[in-house]
Amino acid sequence: MKHYTLFKKILLPLTSLGLLIGLVSFAFIFNAHLNNIDTQAREETQKLSNLLITAKTLVSEHVFSSMALLKQYGSLEGPPNINGTTLMLGMEVPNLQFGDTPQTGSTLLVDSVTRIGSGTATIFVKRGSQFLRISTNVKKADGSNAFGTELDPFGKAIVALQKNKTYFGVVDILGESYLSRYEPMQDNHGNVIGAWYVGYKLDFNAIDQAIRQWGFLKKGFVAITDGHGNIRFLTNGLTRQEAQVALKDSQHRWTKVTRQVPEWDFQINILYPTSEAYWSALGALSPLMIITFILTLVVLIAIVSGLQRFVLNPLGGDPETAKQLLMRIESGDFAEDHTTATPDSLIANMLKMRRRLREMVSQLQANASRLKVSSSVFDHAHDAIFITDNHGHIIQCNPSFSVVTGYAQPEVMGKTPAQLGIAYQQPELFQTLYDSQTGFQEWQGEVWNRHQQGHDYLVELELSPVLNQSGEFQHYVGLFSDITRAKEQQNMLEHLAYHDVLTQLPNRVLFSSRLQQALHEAESQSTLVAICYIDLDDFKIVNDQYGHEYGDRLLMQLATRLNGLLKPQDTLARLGGDEFAMLLCGLRTANDYARLLKKLLTAIEKPFKVDKFKFSISASIGYTLYPIDRNPPDTLLRHADHAMYHAKTHGGHHFHLFDLASAQQSQQQQALLKDLLHGIQNNHIRLVYQPQVCMQSGEIFCFEALLRWQHPVRGLLYPNDFLTAVEHTNLIVDIGNWVMEESLRQLSEWQSQGLDTQVSVNIAAQHLMHRQFPELLADLFKKYAMIKPQQLHIEITESAAISDFARVNRVIQQCQALGVGFSIDDFGSGYSSLIYLRRLPVDIIKIDQSFIHNMLSDQEDMAVIRGVITLCRDFGRKVVAEGVEKAEQAEILAQLGCDYAQGFGISRGIPGNKVIEWTNKHNPFKF
């Protein structure tokens, strides 16, 4: 009964109080650890958000500058307005014009803005609540321009445009992600009649690679979803289906932390198993549970021992003394009061118990002091923490220490930090810190640790000495965190800032820095430095025929191939599109660099294989040599660009060293190109028509459309004065399209006035081999349905016919299937071959006027003319003699069997509105 009473009154309350305190402490620490995990997850989402925003910022500058350029080009033609309606692909749409120039179906403005780079541009017209693409270089899945397609009626962009506001952000266009800018287009009355658009395709490779390595805890992962809930990026190690199940978890098996990224319309999701977080929190409780259990056990043993002695031993002294002693003990007064008792008596045992309790309280106070230090350390439990004694041995560490280092707590105790791989590359660090001769001091810095499994990791380490009240050294407290991943992310962002995303080559910024350094070294070492500018010849054909994906992969192979031929001190950089810059160092003569550039050109011209396709390309390289060309870095690169332009305009496929004469010629050609673009936009170019007559009957057979440019300063210019400057650019395609459409328009006007005739137009080689040429021709005949295809004749030069014989032959056959006829112009001035004359499916051969000019005085020219006429008769081809000026020439040509004649002896070029008047006077024509 006595034992039951003692247990009920003393032991049970003490045990309950201890359990209650322990449970409250456990709950507090458990919840704090879960909060730390949640905070860490939110910090990770912020880092991911910063990464996405940084990637967007790198592309934004291209979007803003391209939009400004597009609107500037549009303003040069005149204010936007709606003039009735027009047909586009069988659909009636408002006829949007800039000034008097219709924009429906034209790509001149959008191509001039996005000619360099992977951008796209579009001009929309508003029809009701729809916005339709009428001028665009956005490609559909089949590779054709997306004319007539509608802006997503449920997208964010159209909401902003309908409110007369600008929209800027990431948009999915025809299945591809673009950083896009939409701006409303207004007429003179402020009404929204259309929209401007510029976008650049986003390359997610670098972001995807970074997020694939991202994780959280052991089984957590990162999933970034778009506005439709689709997963765009996902951590390695699980499938998209598994990630979707976790995202839709309704049973609280997963804890999800999210962050919205409005700049992308993305949502960052970090998910980790709830059970893993709970187990991690329980692991943090283990040290406290052990300490609490030990203290509780010690107290209970002491109390039980004292009670046993009190019950079993005799009182041994004055009962009042025993009562007072007991009351003082009960009140917590353990101070010495000179009370004595018989040995082995109750009072003696109480005195012994009081002494022991006094010692125990002192020990508990010391333990409480140490627990207070431990508690302050564990407030930062997400970092690894360890405490050493004054000899440098570890006496305590937190759970994060084991997580980061891989060493369990029992393995850590008594070891030195160096034995656990901390700062293993600096073995003298801890020896210096524990040397009392130098004094104990704080230390902070980045060091490499060696993990228990053998791999290295980078940490930010802080070491702080702990002194007692007397100023004597007691401990060192070490705190560190693994920053390996943060450093890798920092390095990745720095790499993106100085390297091209596609090829990983240095970009313009890094190239400029290395150019400065190379010029300084060339001065000190008396060597030459070659600054080179590279442009691929006709690379746009690869993108147009096979798509940008194949073009990008070809550029990556090219970068790898060229880097393999360069020395470590050389630099190859991508400036944009198919333009590269190259810095060659260490050679001493110009001939050395010429040999190296020849080797590089040969490497470029070797075939590239991308999937099942093989591509053969060439390049034009311009370069200058420092210090022969002693100028600032920007000027040197500009000189190399001038030299490259000279190489390209002289046929490409070679390299050219900068010199002042070629630079001036290049500047003149560039100025001419700029003037021509302005002339096209302001209707300064026009067509005149030169008749072709039958040699036997004098009947008007055809009118050849000839291009003229009324230059505001230089006066009237002929094709030879300006077309050579653009024959290797996309502008030659735009000019050719304009010539064909204007010729058909003029032909329909003549036909409505009673003149039934034909028109022949000259088409450049690059235009003829454009992959959409037959389709464009078919669209023109649909637009001018009153014109028969047989009324249009296309003239190509002899050199164009043999540059890619198989391809030219295929295009001619496709156009002839529509009913269009073909002629070979200037025959005899190039590489005339009976094989081409026999195998090319052309209808007419035009003898070059150089032979006609001297036929009366030069027997060799007469023999050539006679031979060509004979061969054409045998091969079933008609013959046109160009440059006929005299009646004697016409009489001999008729006798030789020439079919048709053309030249100043018949008429010069006639304006379109004068052709009918001339025909009425001279049909049939008599020499």
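Residues numbered from 1 in each chain as written. Predicted model: local features only at pLDDT ≥ 70, side-chain atom pairs only at ≥ 80, totals over all residues. Heavy atoms only, no water.

Draft legend 1. Here's a closer look at the overall build of the chain. Across its full length, the chain carries 29 helices and 35 strands. Looking at the chain residue by residue over its 927 residues, the buried ones come to 46%. Total accessible area on the chain is roughly 47100 Å²; 53% of this is exposed by carbon and sulfur atoms. (Helix = DSSP H or I, 4+ residues; strand = E, 2+ residues; numbered from the N terminus. Buried < 20%, exposed > 50% of the residue type's maximum accessible area, 1.4 Å probe, protein only. Areas by Shrake-Rupley, 256 points an atom, 1.4 Å probe, with all protein chains shown as cover.)

Draft legend 2. Region of interest: helix 24 (residues 805-816). Here helix 24 is twelve residues long and its end C-alpha atoms lie 16 Å apart, about the 16 Å a rise of 1.5 Å per residue gives. If you check which residues of helix 24 are buried, you get F805, R807, V808, N809, V811, I812 and C815. (Expected span 1.5 Å × (residues − 1).)

Draft legend 3. Region of the structure containing the packing of helix 20 (residues 731-752) against helix 22 (residues 773-783). At a minimum axis distance of 10 Å, the contact between helix 20 and helix 22 shows a crossing angle of 25 degrees. Taken as axis vectors, helix 20 and helix 22 run roughly parallel relative to one another. Helix 20 and helix 22 meet at a crossing whose hand is right-handed. In this structure, helix 20 uses N737, M740, E741 and L744 to contact helix 22, whose residues at the interface are F773, L776, L777, L780, F781 and K783. Broken down by class, the residue content of the contact of helix 20 with helix 22 amounts to seven nonpolar, one polar and two charged. (Axes fitted to C-alpha atoms, helices over the stretch in contact; angles between N-to-C directions. Parallel < 35°, antiparallel > 145°, perpendicular 65-115°, else oblique. Left-handed = near helix turned anticlockwise from the far one by under 90°. Contact = heavy atoms within 4.5 Å. Nonpolar A, V, L, I, M, F, W, Y, C, P; charged D, E, K, R; others polar.)

Draft legend 4. Region of the structure containing the sheet that holds strand 2 (residues 91-98). Strand order in the open sheet formed by three strands is 1-2-3, and the pairing between neighbours is antiparallel. Looking along the sheet, the strands with just one partner apiece sit at the ends: strand 1 (80-88) and strand 3 (101-102). Bridge analysis of strand 2 against strand 3 gives two bridges, and the strand direction is antiparallel. Of the residues in strand 3, the one forming a bridge with Q97 is P102. (Pairing = 2+ DSSP bridges.)

Draft legend 5. Broad picture of the pairing of strand 11 (residues 231-234). In terms of strand pairing, strand 10 (residues 220-225) meets strand 11 through three bridges, oriented antiparallel. Paired with I224 across the strands is F233, a residue of strand 11. The antiparallel pairing of strand 10 with strand 11 creates a hairpin that spans five residues between the two strands, and G229 there sits at a positive phi of about 85 degrees.

Draft legend 6. Summary view of the sheet that holds strand 14 (residues 384-388). Spatially, five strands are ordered 15-14-18-17-16 in an open sheet, and the strand pairing comes out antiparallel. The outermost strands of the open sheet, each flanked by one partner alone, are strand 15 (394-397) and strand 16 (443-450). Across the sheet, the mean angle separating the axes of adjacent strands is 30 degrees when strand polarity is ignored. Examined bridge by bridge, strand 14 and strand 18 (residues 473-482) share five bridges and lie antiparallel to one another. Bridged to T388 within strand 18 is Y476.

Draft legend 7. Here's a closer look at helix 22. Among the residues of helix 22, F773, P774, L777, L780 and F781 are the ones counted as buried. Down the axis of helix 22, the buried set is contained in an arc of 120 degrees. They therefore lie on one face. Relative to its buried face, helix 22 has exposed residues pointing more than 90 degrees away, namely K782 and K783. Where the residues of helix 22 are buried, they touch helix 20, helix 21 (765-768), strand 30 (792-797) and helix 24. (Arc of directions from axis to C-beta.)

Draft legend 8. Structural view of the confidence of the model for the chain. Per-residue confidence for the chain gives a mean pLDDT of 83, with 89% of residues at or over 70. Under a pLDDT of 50 for its full length, residues 1-6 has, in the predicted model, three contacts with residues more than four places off or in other chains. (pLDDT = per-residue confidence, 0-100.)

Draft legend 9. The arrangement of the environment of Y593 in detail. When you line up the elements, Y593 lands in helix 16 (residues 590-605). Leave out the neighbours within four places in its chain, and Y593 touches L528, V529, A530, L584, C585, G586, L587 and L625. Only 3.3 Å separates the side chain of Y593 from the backbone nitrogen of L587, close enough to count as a polar contact. (Polar contact = N/O pair within 3.5 Å; in protein donor to acceptor, adjacent residues only side chain to side chain.)

Draft legend 10. Summary view of the pattern of salt bridges. Inspection of the entire model under this criterion finds 22 salt bridges. In this structure, E183 and R181 form a salt bridge, with 2.7 Å as the shortest nitrogen-oxygen distance. With respect to burial, E183 and R181 carry one shared label: buried. Across the pair R745 and E742 runs a salt bridge whose closest N-O atoms are separated by 2.7 Å. Linking R745 with E742, this pair stays in helix 20, spanning three residues, or about one helical turn. In this structure R745 comes out as partly exposed when scored by relative accessible area, which is 30%. In this structure, a network of salt bridges that share partners links the residues E704, E795, K846 and E882. (Salt bridge = Lys/Arg side-chain N within 4 Å of Asp/Glu carboxyl O.)

Draft legend 11. The arrangement of the environment of R908 in detail. Locating R908 in the fold gives a position in the loop between strand 34 (900-902) and strand 35 (910-911). For the pair R908 and Y689, spaced 219 residues apart in the sequence, the C-alpha separation amounts to 8.1 Å.

Draft legend 12. Focus on the packing of aromatic side chains. Enumeration over the complete set of coordinates arrives at 21 aromatic pairs. Considering the side-chain rings of F64 and F168, the 4.9 Å spacing of their centres and the 35 degrees angle between planes classify their relative orientation as tilted. Placement of the pair is F64 in helix 1 (residues 2-77) and F168 in strand 6 (residues 167-173), with a sequence separation of 104 residues. On the basis of relative accessible area, F64 is assigned to the partly exposed category, the value being 40%. Given a relative accessible area of 24%, F168 falls into the partly exposed group. On the numbers, 6.3 Å between centres and 65 degrees between planes, the contact of F233 with F266 is edge-to-face. (Phe/Tyr/Trp six-rings, centres within 6.5 Å; stacked < 30°, edge-to-face > 60°.)

Draft legend 13. Structural view of the packing of helix 14 (residues 539-546) against helix 15 (residues 548-563). Across the interface, helix 14 lies against helix 15 with an axial gap of 6 Å and an inter-helix angle of 140 degrees. Considering their axes alone, helix 14 and helix 15 lie oblique with respect to each other. Facing F539, V542, N543 and Y546 of helix 14, the residues of helix 15 in contact are H548, Y550, G551, L554 and L555. Residue composition of the contact of helix 14 with helix 15, grouped by class: six nonpolar, three polar and no charged.

Draft legend 14. Up close: the side chain of R807. Topologically, R807 is positioned in helix 24. Beyond its immediate chain neighbours, meaning those up to four positions away, R807 contacts I541, Q545, M769, H770 and R771.

Draft legend 15. Region of the structure containing the pairing of strand 32 (residues 844-847). Side chains of strand 32 alternate between two faces, with I844 and K846 and I845 and I847 buried alike. Pairing of strand 31 (residues 821-827) with strand 32, which is carried by three bridges, proceeds in the parallel orientation. Of the residues in strand 32, the one forming a bridge with F827 is I847. The pairing of strand 32 with strand 33 (residues 878-882) spans four bridges and is classified as parallel. Paired with K846 across the two strands is V880, which belongs to strand 33.

Draft legend 16. Looking closely at the state of the cysteines. Inspection of the entire model under this criterion finds zero disulfides. Here C898 stays unpaired: no disulfide links it, and the sulfur of C872, its closest cysteine neighbor, is 9.1 Å away. (Disulfide = S-S within 2.5 Å.)

Draft legend 17. Examining unusual backbone geometry more closely. Residue P627 is reached from Y626 by a cis peptide bond, and omega for that bond is 15 degrees. As for its placement among the helices and strands, P627 is situated in the loop between strand 24 (618-626) and helix 17 (633-649). With an omega of 5 degrees, the peptide bond between N923 and P924 qualifies as cis. By the secondary structure assignment, P924 is in the segment after helix 29 (915-922). Positive phi outside glycine occurs at N164, with the angle close to 60 degrees. Locating N164 in the fold gives a position in the loop between helix 3 (156-162) and strand 6. Residue class for N164 comes out partly exposed when judged on its relative accessible area of 34%.

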